[in-house]
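# Inside the fold
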Amino acid sequence: MMVLTARKIIVFVFVFVRHLAAMILSLTAAVAMSSGSGSSFNSSLDAFDSSTSWSLGEDPSNVSTEPVVRTLTPDLQPATTAVAVQEVSPWDIALCVTGTLISCENALVIAVLFYTPTLRAPMFILIGSLAVADLLAGLGLILNFVFTYLIDSSVEFVTLLSVGLLISAFSASVLNILAITVDRYLSLYNALTYHTERTVTFTYVMVVFIWVLCLLLGLLPAFGWNCLRDESTCSICRPVTKNNAVALAVTFLLVFALMMQLYLQICKIAFRHAQQIAVQHQFVAISTTKGVSTLSVILCAFGACWLPFAMYSIVADSSYPIIYTYATVLPATCCSVINPIIYAFRNPDIQKSLWMACCGCVPSNLSLRPRTSSDV
């Protein structure tokens, strides 16, 4: 059964990566062809100009109507028939590559959780929900590249679809991280009743609430909360209005503050447990210190990725240079690259499934003790 599950994981990931790579290559080829066709067209115009420049040096005494017509036509052609080719921004390429990496990582996490029946605890439900959110965020970055360079981005539907997907996906990612924090806190605060059926039901309700809320947030621009009719009200992320961007940024700051408070309470509970178990004092002290350092890494990574973008969204608008927006958006997207490493790949149960999928064996030094959400 385990070998069959491992084969399913390998097939799923291989098919997903192959399709994603084919899509990226086709997009790159399409952009290159569009740029190349524009260049060849301009070069042909230049050659045509040089071939007819002899008429400018003609003897004025032999001027007639026909040479004048032939001389003016090449001069007017570039201005009237030249094709405007949009130059590909390196920032957009970096975002597309980041989206590809995000998609591959989280597709692997989803495959492991889906094809491993033993990973059905509330903790893994939240990790799976986070992986789905980050996967959609990665695909949203790729689609944004497609809409920018291969599809007419002036169409309102295309713009609203792109921004709606990104808002929903990244909002779900942030809220799922908060849900994991709440789950870890409850697993310590209610350690005796944590593994009851009520906890599983509460987890599913929380996941459904998160996705309904995020879908509504993504639909707000389509319901008229956009700046397509008044460009002066745009935020740093068109077509989101300045007021909406500020509201989302302030909400993120509140979420981050709540996470800090919950992790502070987790540390207090962990130290209290360490003091109550005198027999295992040294072992618990080491474990608690490791847990505190892990919490510090989680909070620092989350804050370093999202705080610059949130603060910049509050103070800036569409009149600011676009390079500042890219410089803050790119670290925010990198949070979805880090999430699978922090919340999934560090878990021994998921590591066991990955080892079975890759090589069909489990390393002897891999800890297989039961894990709960309190393991931070």
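Residues numbered from 1 in each chain as written. Predicted model: local features only at pLDDT ≥ 70, side-chain atom pairs only at ≥ 80, totals over all residues. Heavy atoms only, no water.

Attention now goes to the overall build of the chain. For the chain, the count of helices and strands is ten helices and zero strands. Going residue by residue from the N terminus, the α and β elements of the chain occur as α-α-α-α-α-α-α-α-α-α. Going through the 376 residues of the chain one by one, you find that 42% of them count as buried. A separation threshold of at least 6 residues defines the contact pool for the chain, and within that pool the share at least 24 residues apart is 79%. Looking at the chain as shown, the accessible area adds up to about 20,300 Å², and 70% of this sits on carbon and sulfur atoms. (Helix = DSSP H or I, 4+ residues; strand = E, 2+ residues; numbered from the N terminus. Buried < 20%, exposed > 50% of the residue type's maximum accessible area, 1.4 Å probe, protein only. Contact = heavy atoms within 4.5 Å. Areas by Shrake-Rupley, 256 points an atom, 1.4 Å probe, with all protein chains shown as cover.)

Turning our eyes to something else, we now look at helix α4 (residues 122-149). Owing to its 3.6 residues per turn, the α-helix brings residues three or four apart onto one side. Over its 28 residues, α4 extends 41 Å from the first C-alpha to the last, a length consistent with the 40 Å expected when each residue adds 1.5 Å. By the criterion of burial, α4 is predominantly enclosed, with 22 of the 28 residues buried. (Expected span 1.5 Å × (residues − 1).)

Glancing now at the state of the cysteines. Chemically, a disulfide is nothing more than a covalent bond linking the sulfur atoms of two cysteines. Counting across every chain of the model gives one disulfide. Here C335 is not cross-linked by a disulfide; its sulfur's nearest cysteine counterpart is in C305, at 4.6 Å. (Disulfide = S-S within 2.5 Å.)

All right, on to the packing of aromatic side chains then. Within the structure shown, the criterion is met by twelve aromatic pairs. Relative to Y189, the ring of Y185 has its centre 5.6 Å away and its plane inclined at 15°; by these criteria the two rings are stacked. Here Y189 and Y185 lie together in helix α5 (residues 156-189), a separation of four residues that amounts to about one turn. Classification of Y185 as buried rests on a relative accessible area of 18%. Ring plane angle 80° and centroid distance 6.5 Å describe the contact between Y312 and Y324, whose orientation is recorded as edge-to-face. Separated by twelve residues along the polypeptide, Y312 in helix α8 (residues 281-315) and Y324 in helix α9 (residues 322-344) bring together distant segments of the chain. For Y324, a relative accessible area of 44% translates into the label partly exposed. Members of the aromatic cluster, joined through ring pairs, are F170, F252, F256, F302, W306 and F309. (Phe/Tyr/Trp six-rings, centres within 6.5 Å; stacked < 30°, edge-to-face > 60°.)

Counting residues in hydrophobic clusters, the biggest one holds 68 residues, and the most contacted among them are I127, M259, Y263, F302, W306, Y343 and I350. Elements with a minimum of two residues in this core: α3 (90-115), α4, α5, α6 (197-219), α7 (242-276), α8, α9 and α10 (348-359). Counting residues per element, this core draws most heavily on α5, at twelve residues. Here W306 is in contact with F170, V174, F252, A332 and C335, once residues within four sequence places are set aside. (Core = buried A, V, L, I, M, F, W, Y, C linked by side-chain atoms within 4.5 Å.)

Two numbers describe how α4 lies on α5: the axes approach to 8 Å, and their chain directions differ by 155°. Considered as vectors, α4 and α5 are oriented roughly antiparallel to each other. In this structure, the crossing between α4 and α5 has a hand that is left-handed. Of the residues that constitute the contact of α4 with α5, the class distribution is 21 nonpolar, six polar and two charged. (Axes fitted to C-alpha atoms, helices over the stretch in contact; angles between N-to-C directions. Parallel < 35°, antiparallel > 145°, perpendicular 65-115°, else oblique. Left-handed = near helix turned anticlockwise from the far one by under 90°. Nonpolar A, V, L, I, M, F, W, Y, C, P; charged D, E, K, R; others polar.)

A separate point is the confidence of the model for the chain. When pLDDT is averaged across the chain, the result is 76; 65% of the residues are at 70 or more. Predicted confidence is poor over residues 35-84, with pLDDT under 50, and the contacts of this stretch with residues over four places away or in other chains come to 18 contacts. Within the model, pLDDT remains below 50 along residues 369-376, and this stretch shows 22 contacts once partners closer than five positions in the same chain are excluded. (pLDDT = per-residue confidence, 0-100.)

Right, let's get into the environment of V246. Turning to its location among the elements, V246 is positioned in helix α7. A residue is classified by how much of its surface remains accessible, and V246, at 23% relative accessible area, is partly exposed. Once residues lying within four places of it in the same chain are set aside, the contact partners of V246 are S313 and I314.

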